[in-house]
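Below are the chains, spelled out letter by letter.
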Amino acid sequence: IIAFEPLSSPAKTFRAVFSADRQVELHQVAIGRTVGHDIAMHISARADSSSLLEITGTQVEIFPGTQEVGIEKVEVRPLSDFVSELDVPSNAMLKIDVQGYELEVLQATVGVLPKIDWIYVESSFVALYANQALAHEILEFLASRDFSLRSIHNVHSDKTGAVIQADFLFHRHHA
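Residues numbered from 1 in each chain as written. Predicted model: local features only at pLDDT ≥ 70, side-chain atom pairs only at ≥ 80, totals over all residues. Heavy atoms only, no water.

Caption draft 1: The arrangement of the overall build of the chain in detail. When helices and strands are counted, the chain shows 4 helices and 9 strands. Taken from the N to the C terminus, the helices and strands of the chain come in the order β-α-β-β-β-α-β-β-α-β-α-β-β. For the chain, whose C-alpha radius of gyration is 16 Å, the value lies close to the compact-globule estimate of 16 Å for 175 residues. Projected onto the principal axes, the alpha-carbon positions of the chain cover approximately 45 × 35 × 30 Å. Across the 175 residues of the chain, 43% fall into the buried class. Sequence-distant contacts in the chain: of pairs separated by 6 or more residues, those separated by 24 or more amount to 65%. (Helix = DSSP H or I, 4+ residues; strand = E, 2+ residues; numbered from the N terminus. Rg over C-alpha atoms; globule rule 2.2 N^0.38 Å. Buried < 20%, exposed > 50% of the residue type's maximum accessible area, 1.4 Å probe, protein only. Contact = heavy atoms within 4.5 Å.)

This is the structure we're talking about:
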């Protein structure tokens, strides 16, 4: 497992949990297309809702308790700074849960994407974060790179029943 967690507190917890496991490696950075230091991460009252994108009122309305409570400066780098195409084993999976930053992460992985067989990504149908790519954009991006949607999990709806977000499992078509 090669993991990425830009926030200091969750990274500290991750290291404590996996400290004895030599098959788990953590990099305390966010994945993105361009290198950046001191990039603002918007910290949510619920740590799992923090994002490099601004938290919108829609996010807070649908998921109460996720309002921004602070900013932490983080580092952003492309995946190729950590993993080369040669490092990716067969049948590899890329899991992305980055609160609206999914397309940016996918675009930052294009160097290794041809070696990835599975992608599991959370994506939204409505904008919960400022300038986030929506589910249809993620689907189009991956379809154009020979990935097909295999299943949908953890569907979240609002109080009216409208689908807000879900986790998508994609698999690469092999020629």
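Caption draft 2: Region of the structure containing the sheet that holds strand 9 (residues 163–172). Pairing is mixed in the open sheet, where 4 strands are placed in the order 6-7-9-8. Among the strands making up the open sheet, the edge pair consists of strand 6 (92–96) and strand 8 (147–157). Strand-to-strand twist across the sheet, computed as the mean angle between neighbouring axes with direction ignored, equals 15 degrees. Direction of pairing for strand 8 relative to strand 9: antiparallel, over a ladder of 8 bridges. (Pairing = 2+ DSSP bridges. Axes fitted to C-alpha atoms, helices over the stretch in contact; angles between N-to-C directions.)

Caption draft 3: Structural detail: the pattern of salt bridges. Enumeration according to the criterion identifies 4 salt bridges in this entry. With its nearest N and O atoms 3.4 Å apart, the salt bridge here joins E75 to R77. Of the charged contacts, one joins D81 and R77 as a salt bridge, the two residues approaching to 3.1 Å between their closest N and O atoms. Counted as one network, the salt bridges with shared partners bring together E75, R77 and D81. (Salt bridge = Lys/Arg side-chain N within 4 Å of Asp/Glu carboxyl O.)

Caption draft 4: Just the nonpolar core, in detail. Judged by nonpolar contacts, the single largest core of 41 residues is most densely connected at L106, I116, I119 and L142. Taken together, the elements giving at least two residues each to this core come down to strand 3 (30–31), strand 4 (36–44), strand 5 (68–77), strand 6, helix 3 (102–107), strand 7 (116–124), helix 4 (135–143) and strand 9. Those residues within four positions of I119 in sequence are excluded, and the remaining contacts are L94, I96, L106, L113, L142, F147, F168, L169 and F170. (Core = buried A, V, L, I, M, F, W, Y, C linked by side-chain atoms within 4.5 Å.)

Caption draft 5: Main features of the packing of aromatic side chains. Applying the stated criterion to the full structure yields 4 aromatic pairs. Geometrically, the ring pair formed by F4 and F82 is edge-to-face, given 5.2 Å between the ring centres and 65 degrees between the ring planes. Of this pair, F4 sits in strand 1 (residues 2–4) while F82 is found in the loop between strand 5 and strand 6, placing the two residues 78 residues apart along the sequence. The class for F82 is buried, based on a relative accessible area of 18%. Note on F125 and F168: the rings are 5.9 Å apart at their centroids and 65 degrees apart in plane angle, and the pair reads as edge-to-face. Taken as a pair, F125 in the loop between strand 7 and helix 4 and F168 in strand 9 lie far apart in primary sequence, 43 residues in all. Judged by relative accessible area, which is 40%, F125 ranks as partly exposed. Grouping aromatic residues by their ring pairs yields a cluster made of F125, F168 and F170. Directly above the ring of F141 sits R145, whose terminal nitrogen or CZ lies 3.7 Å from the centroid. (Phe/Tyr/Trp six-rings, centres within 6.5 Å; stacked < 30°, edge-to-face > 60°. Lys NZ or Arg CZ within 6 Å of the ring centre and 35° of its normal.)

Caption draft 6: Representation of helix 4. Listed in full, the buried residues belonging to helix 4 are A135, I138, F141 and L142. Taken around the axis of helix 4, the buried residues stretch over an arc of 125 degrees, which confines them to a single face. Here the buried face of helix 4 lies against helix 3, strand 7, strand 8 and strand 9. (Arc of directions from axis to C-beta.)

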